[in-house]
There are 2 protein chains.
Amino acid sequence: MPRSSGPVDSPARLSLISRHLAPDYPLNTPYTVERHPDNIDTSLLPKTQTRALTTDTTPANMSTQPEHPTLLIPGPIEFDDAVLNSMSHYSESHVGPGFVAVFGETLSMLRKLFQTTDPSAQPFVLSGSGTLGWDLVAANLIEPGEDALVLSTGYFGDGFADCLKVYGANVTQISAEPGSRPQLPEIEKALSEKKYKLLTVTHVDTSTGVLSELKNLSELVHRVSPDTLVIVDGVCSVACEEIDFDAWKLDGVVTASQKAIGCPAGLSISMFSGRAIQAFQNRQTPPTSYFASMKNWLPIMQNYEAKKPSYFATPSPQLVRALHTALTQIVAQGVKERFAAHKAASDKIKAAVAALGLKQVAANPDDQAHGMTAIYLPETVKGAELLPKLASRGVVFAGGIHKAIAAKYIRFGHMGVSVLDPSRGHVEKAIKALEEGLSECGYQKA
Amino acid sequence: MPRSSGPVDSPARLSLISRHLAPDYPLNTPYTVERHPDNIDTSLLPKTQTRALTTDTTPANMSTQPEHPTLLIPGPIEFDDAVLNSMSHYSESHVGPGFVAVFGETLSMLRKLFQTTDPSAQPFVLSGSGTLGWDLVAANLIEPGEDALVLSTGYFGDGFADCLKVYGANVTQISAEPGSRPQLPEIEKALSEKKYKLLTVTHVDTSTGVLSELKNLSELVHRVSPDTLVIVDGVCSVACEEIDFDAWKLDGVVTASQKAIGCPAGLSISMFSGRAIQAFQNRQTPPTSYFASMKNWLPIMQNYEAKKPSYFATPSPQLVRALHTALTQIVAQGVKERFAAHKAASDKIKAAVAALGLKQVAANPDDQAHGMTAIYLPETVKGAELLPKLASRGVVFAGGIHKAIAAKYIRFGHMGVSVLDPSRGHVEKAIKALEEGLSECGYQKA
């Protein structure tokens, strides 16, 4: 029996595909990825099961979901019926032609969501929480001992810094006071003092509802420190805030399925530029994770998008089907229209909050997110008192989590169907519940 | 604006909980996990939505799933209707009392599945592929430069070794010829030559269908090298092969949702002994992953099981609900009965394979898995020819993936409802398709 000790060449991942063969598909050997996808009319393959609980013709206000509290936290959000229905798709092979086609289309649609047409940009969809996106960055795009500049506007900026440190990065952090964001002059000063491998920014920090400005920030980085990768945590921004990946010269955006994209939790979704992939490929040391290794996943993603079956670790066909359904809806609506709809709903909500005499955690209107609102409570009202009153009116808001101000504010998430389908009446219901709940707590506008 | 450079204490994770409050639940401050769960009658909380597509009274042979090819690969497997229905559960907060109760019960039920009553043992359920379990072991239970002994019976044993190396372990591998497994005398010799921090064994290697023997192996390790942790890759064995976690003194079993447990893919599921947790807590160096860090997840899992909301990264409520449904069925049936049913079905399948004049990859009956069968093709038949003939009969098998013999065999997965619900007729359908398909390929039993 052979025994080997010490490093052994890992088996060539790319050749370990075709775990099984599937109906009516040109078959090659189990070791090739070349299945001539161009010759296959995948439009004939079943992409959604027929047990549709809702169809496109179901009136929007006729959700088939059972009565339940309206979830208006900054993720998970309320889901569309068709998306939820995709979650219960019958079992299928993760390397069968039907699923491979769906996964491939999903990756292609992500390019539209991120507004990139650059073929060197690379989308990734992995089973995991949104947090896994931080590991993907930290384990692949920076090497131990290299410098990272982290801009923090709250809990999640701090978390990204923690993750980078775990993987050995030398982190410099610029943290804003709760409700504000680091300003460009300070960032410019930091960039000119040290050569950073990458900079991270939280587009919307879910803990504060602070929106960071990406376009000018990226211009600054490209001007002052052109080799520094611009990495965006877009967990609470992708699909509700404008992100123009190519035009803004972003190098990475990591997000999750359960926020504005409108797919249940369980997927880490990201887009990296050709420059980021190149930085990964130029590493002096191997990636410092296995499950979050681009070395393991890059060829798999490329193969799926080329409609070729491929295997590193088993994806979740049900979650990917749900994401496919969500992205199909997003692309059909148009991303610009989607961003505008979120902004319009946000403007309305923020006006209602102001009309109630309440202040937001993000003080400056330019710094306010469009998919959530972090609202300071009146001094006389406690969250622990108010939130149950909202709940009794069928509305679920979130409490505060920024440690400096946690007990002083609440969070109202307004993403996806809750703002895109006005017939659901979620926003009006929430504003009414907030007004009545505050009143019941004895609050009167000054 | 404060700027910090270099290491910063990570915020106390345990206090970052209670992201929002929820209906009819005793509320404390947003920073406490103490919500007096003992005072709450969680039995009154909704645990399943009312839009049941199937109920317990639906006849077993009346699946409401649309017609589709019967998936008999070694995972993902065919799913029960109620499990699939749980996947489309309406959106709910990941820290709301309904979901927290379900997650807590899910973790408790895992103890029954693994047959452990030791309170120091710790279950984990994370969003991710089964592969993430390897990272969990490699990033937490062994430190860079420490020694690991990997027993390999195929592709997945080799993969575990690769993962351990990525995290800096010094790996010694004992690899068996395809179809056999490392023998105890050789393992004893290796254990007596070097002090290993841990030993890993693939209970069933999905690439070969070889079953490893855990009880005697663990006895050997505890006798010869009592400080060595016994770690099992149970991806293709948990819920179909006997695993007696306490009695066999195992230290870790990592698995995934989509095989014999019968829940769609997307969850990494594991159980670790108190001894393994202690080894993690005694590390000289911090864990070398963030998303796969036990430091981050241990308090979260403990809180969920105590029915206390807690947050590190967002879990997937839909997948956890589906796992809860699957585990409820498993526990109701009884794990011993489940193992026996899989063995009975496997015996029948292996007898049918032999009756067709075919040999298995795992030559020795004692080394043959009970949830899958890896079948050598007749010399005159190619997999690329046979598998489409099975597919045209509505049966999906998998091709080979062990690189030494890949083109020479096929794999038949027989786990979960496909063997537990005889009214589905999956096993008979598969055997008939195999017989007819071989005949159509010109094969006649010698």
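Residues numbered from 1 in each chain as written. Chains lettered and ligands numbered in written order. Predicted model: local features only at pLDDT ≥ 70, side-chain atom pairs only at ≥ 80, totals over all residues. Heavy atoms only, no water.

Engineer: Describe in detail the overall build of chain A, supporting the description with residues and values.
Structural biologist: When you go through chain A residue by residue, the secondary structure sums to 13 helices and 15 strands. Scored against the burial criterion, the 446 residues of chain A give a buried share of 67%. Counting contacts in chain A only where the partners sit at least 6 residues apart, residues at least 24 apart contribute 72% of the total. (Helix = DSSP H or I, 4+ residues; strand = E, 2+ residues; numbered from the N terminus. Buried < 20%, exposed > 50% of the residue type's maximum accessible area, 1.4 Å probe, protein only. Contact = heavy atoms within 4.5 Å.)

Engineer: Residue-level account of the pairing of strand S4 (residues 147–152) of chain B, with values.
Structural biologist: All names here are of chain B. With respect to burial, S4 is a largely interior element, six of its six residues being buried. As judged from the six bridges shared by S4 and strand S5 (residues 170–175), these two strands associate in the parallel manner. Within S5, the residue paired with Val150 across the bridge is Gln173. Between S4 and its parallel partner S5, the chain crosses via helix H4 (residues 155–166), and the hand of that crossover is right-handed. (Pairing = 2+ DSSP bridges. Right-handed = clockwise from strand over helix to strand, strands pointing away.)

Engineer: Break down the domain arrangement of chain A for me, with residues and values.
Structural biologist: Residues and elements named next belong to chain A. Looking at the assigned domains, one finds that chain A contains domain 1 (79–331) and domain 2 (333–439). Once you take the C-alpha centre of each, domain 1 and domain 2 turn out to be 26 Å apart. The partner domain 2 presents 27 residues to the 34 residues of domain 1 that form the contact. Together domain 1 and domain 2 conceal approximately 2400 Å² of surface at their shared face, both sides included; 57% is due to carbon and sulfur atoms. Looking at the side of domain 1 facing domain 2, the largest losses of area belong to Pro178, Cys240 and Ile330, adding up to 20% of the total buried there. Put simply, domain 1 and domain 2 have two salt bridges between them. (Domains from an automatic or database assignment. Buried area = accessible area lost by both parts, 1.4 Å probe. Salt bridge = Lys/Arg side-chain N within 4 Å of Asp/Glu carboxyl O.)

Engineer: I'd like a description of the packing of helix H2 (residues 97–113) of chain B against helix H9 (residues 317–333) of chain B, backed by residues and values.
Structural biologist: Residue and element names in this part refer to chain B. Two numbers describe how H2 lies on H9: the axes approach to 9 Å, and their chain directions differ by 40 degrees. Between H2 and H9, the interaxial angle falls into the category oblique. Crossing geometry of H2 relative to H9 is assigned as left-handed. Contacts between H2 and H9 involve Gly98, Phe99, Val102, Phe103, Glu105, Thr106, Met109, Leu110, Lys112 and Leu113 from the former and Pro317, Val320, Arg321, Leu323, His324, Leu327, Thr328, Ile330 and Val331 from the latter. (Axes fitted to C-alpha atoms, helices over the stretch in contact; angles between N-to-C directions. Parallel < 35°, antiparallel > 145°, perpendicular 65-115°, else oblique. Left-handed = near helix turned anticlockwise from the far one by under 90°.)

Engineer: An account of the sheet that holds strand S14 (residues 398–399) of chain A is requested, with residue identities and associated values reported.
Structural biologist: Residues and elements named next belong to chain A. Ordered by their spatial adjacency, three strands build an open sheet running S12-S15-S14, and the pairing between neighbours is antiparallel. Each end of this open sheet is capped by a strand with a single partner; those strands are strand S12 (372–376) and S14. The pairing of S14 with strand S15 (residues 409–413) spans two bridges and is classified as antiparallel. If you follow Ala398 over to S15, its bridge partner there is Arg411.

Engineer: Report on the pattern of salt bridges, specifying residues and quantitative values.
Structural biologist: All names here are of chain A. In this structure the tally under the stated criterion is 36 salt bridges over all chains. With a shortest N-O distance of 2.7 Å, Glu436 and Arg393 are connected by a salt bridge. With Glu436 in helix H13 (residues 426–440) and Arg393 in the loop between helix H11 (383–391) and strand S13 (395–396), this pair connects stretches of sequence that are 43 residues apart. Here Glu436 falls in the partly exposed class, since its relative accessible area comes to 30%.

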